[in-house]
Amino acid sequence: MLLFKDTEIFTSGNRGRKVFDLPDTELILHDSLFTKEESDHYYDLLLNRTAWREYEMEIYDKSLKVPRMISWYEDKSDTGVALDCPDWTPELLQIKDRVEAETQVKFNSVLLNLYRNGKDGVSWHSDREQDLGKDAIIASVSFGETRVFKLRHKFKKEIPQLEIPLHHGSYLLMGGTTQSFWQHQVPKTTKDILPRINLTFRIVDRKL
């Protein structure tokens, strides 16, 4: 899916590492976990070699196509039976190793989202699927166009919404009780923007 050679104009972060002082969450941003050269490299590989597909979800008994493309990778089950997803690619394993070294957490799956332009986004939600458990640890890596990542507390409306620009090569960890007390979104925009690839590393337990 070679759209164009655009990596030279992506904005990399330079703010370093930040731990957010907020209630009911463990939120850590590393604005440049990957260098510009690494980010360009992984962006090209992921954009053109990932098995991207459209995804439909059921909402109020209607099947709606989500405004982005996705791909899912997961370790084999304990029985060694391959799941219905492609094998991990070398570049995904390299990114996973870097994330695990930073997080000190072992992940067994990753959801990739391709935001093709400003018309693609994701609405307010928490990652609380059954096979993730109650308080999932989500490690998010972004390559490509900078998009604003918004968070809001579910119950304490007096806390202002948080807006975090996720740059080319950035990493964001959502841990603790984040998924129980906070929602997040990537809003759409009317601006003419380039694609963004986001990887969210997770721990799934198929026995839950």
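To keep things clear, this report deals only with the structure shown in the data block.

Criteria and cut-off values
Residues numbered from 1 in each chain as written. Predicted model: local features only at pLDDT ≥ 70, side-chain atom pairs only at ≥ 80, totals over all residues. Heavy atoms only, no water. Helix = DSSP H or I, 4+ residues; strand = E, 2+ residues; numbered from the N terminus. Contact = heavy atoms within 4.5 Å. Axes fitted to C-alpha atoms, helices over the stretch in contact; angles between N-to-C directions. Parallel < 35°, antiparallel > 145°, perpendicular 65-115°, else oblique. Left-handed = near helix turned anticlockwise from the far one by under 90°. Nonpolar A, V, L, I, M, F, W, Y, C, P; charged D, E, K, R; others polar. Pairing = 2+ DSSP bridges. Core = buried A, V, L, I, M, F, W, Y, C linked by side-chain atoms within 4.5 Å. Buried < 20%, exposed > 50% of the residue type's maximum accessible area, 1.4 Å probe, protein only. Expected span 1.5 Å × (residues − 1). Arc of directions from axis to C-beta.

Time to look at the environment of Gln 185. Among the secondary structure elements, Gln 185 is positioned in strand S12 (residues 182–186). As for Gln 185 and Phe 149, which are separated by 36 residues in sequence, their C-alpha atoms are 6.0 Å apart. Residues within four places of Gln 185 in sequence aside, it is in contact with Val 122, Ser 123, Trp 124, Val 148, Phe 149 and Lys 150.

What follows concerns the packing of helix H1 (residues 36–49) against helix H2 (residues 90–103). Packing of H1 against H2 leaves a shortest axis separation of 10 Å and a crossing angle of 135°. One finds that H1 runs oblique with respect to H2. Considering only the axes of H1 and H2, their crossing is left-handed. Where H1 approaches H2, its residues Glu 38, Tyr 42, Leu 45, Leu 46 and Arg 49 are matched on the opposing element by Glu 91, Leu 92, Gln 94, Ile 95 and Arg 98. Taken together, the residues that form the contact of H1 with H2 break down as 5 nonpolar, 1 polar and 4 charged.

Hydrogen bonds between backbone groups are what pair the strands of a sheet, and the pairing can be parallel or antiparallel. Pairing in this open sheet of 4 strands is antiparallel, and the strands run S7-S12-S9-S10 from one edge to the other. Whereas interior strands pair on both sides, the edge strands pair on one side only; in this sheet they are strand S7 (122–125) and strand S10 (162–166). Taken over all neighbouring pairs, the strand axes of this sheet differ in orientation by 15° on average, direction set aside. With 4 bridges connecting them, strand S9 (residues 147–153) and S12 associate as antiparallel partners. If you follow Leu 151 over to S12, its bridge partner there is His 184.

Residues Ile 95, Val 141, Phe 143, Leu 199 and Phe 201 are the most contacted members of the largest nonpolar core, which totals 29 residues. Among the elements that take part in this core, H1 stands out by supplying 4 residues, more than any other. For Leu 199, the residues in contact, after removing those within four places along its chain, are Leu 46, Leu 92, Ile 95, Val 110, Leu 111, Leu 112, Ala 139, Ser 140, Val 141 and Phe 143. Residues Phe 20, Ile 138, Ile 159 and Val 186 belong to the second largest nonpolar core, which totals 19 residues.

On the basis of which strands lie adjacent, the open sheet formed by 7 strands has the order S1-S2-S11-S8-S13-S6-S5 and antiparallel pairing. Edge positions in the sheet fall to strand S1 (17–19) and strand S5 (69–74), since each of these pairs with one other strand and no more. Taken over all neighbouring pairs, the strand axes of this sheet differ in orientation by 15° on average, direction set aside. With 6 bridges connecting them, S5 and strand S6 (residues 109–115) associate as antiparallel partners. Among the inter-strand pairings, Ile 70 is bridged to a residue of S6, identified as Asn 113. H1 contacts S6, strand S8 (138–144) and strand S13 (196–202) of the sheet and is inclined by roughly 90° relative to S8. Seen against the sheet, H2 touches S1, strand S2 (26–30), S5, S6, S8, strand S11 (170–175) and S13 and runs at an angle of roughly 60° to S13.

The next point concerns unusual backbone geometry. A positive phi angle is found at Asp 24, which is not glycine, with a value near 65°. The residue Asp 24 is located in the loop between S1 and S2 in this model. You can call Asp 24 partly exposed: its relative accessible area is 24%. A positive phi angle is found at Gln 104, which is not glycine, with a value near 60°. Mapped onto the fold, Gln 104 is located in the loop between H2 and S6. Given the relative accessible area of 66%, Gln 104 is considered exposed.

Over its 14 residues, H2 runs 20 Å from end to end, which matches the ideal 20 Å to within 8%, given 1.5 Å per residue. Among the residues of H2, Glu 91, Leu 92, Ile 95, Lys 96, Val 99, Glu 100 and Thr 103 are the ones counted as buried. Each buried residue of H2 sits inside an arc of 165° when the element is viewed along its axis, so together they form one side. Turned more than 90 degrees away from the buried face of H2 sit Pro 90 and Ala 101, all of them exposed. Buried residues along H2 sit against H1, S5, S6, S8, S11 and S13.

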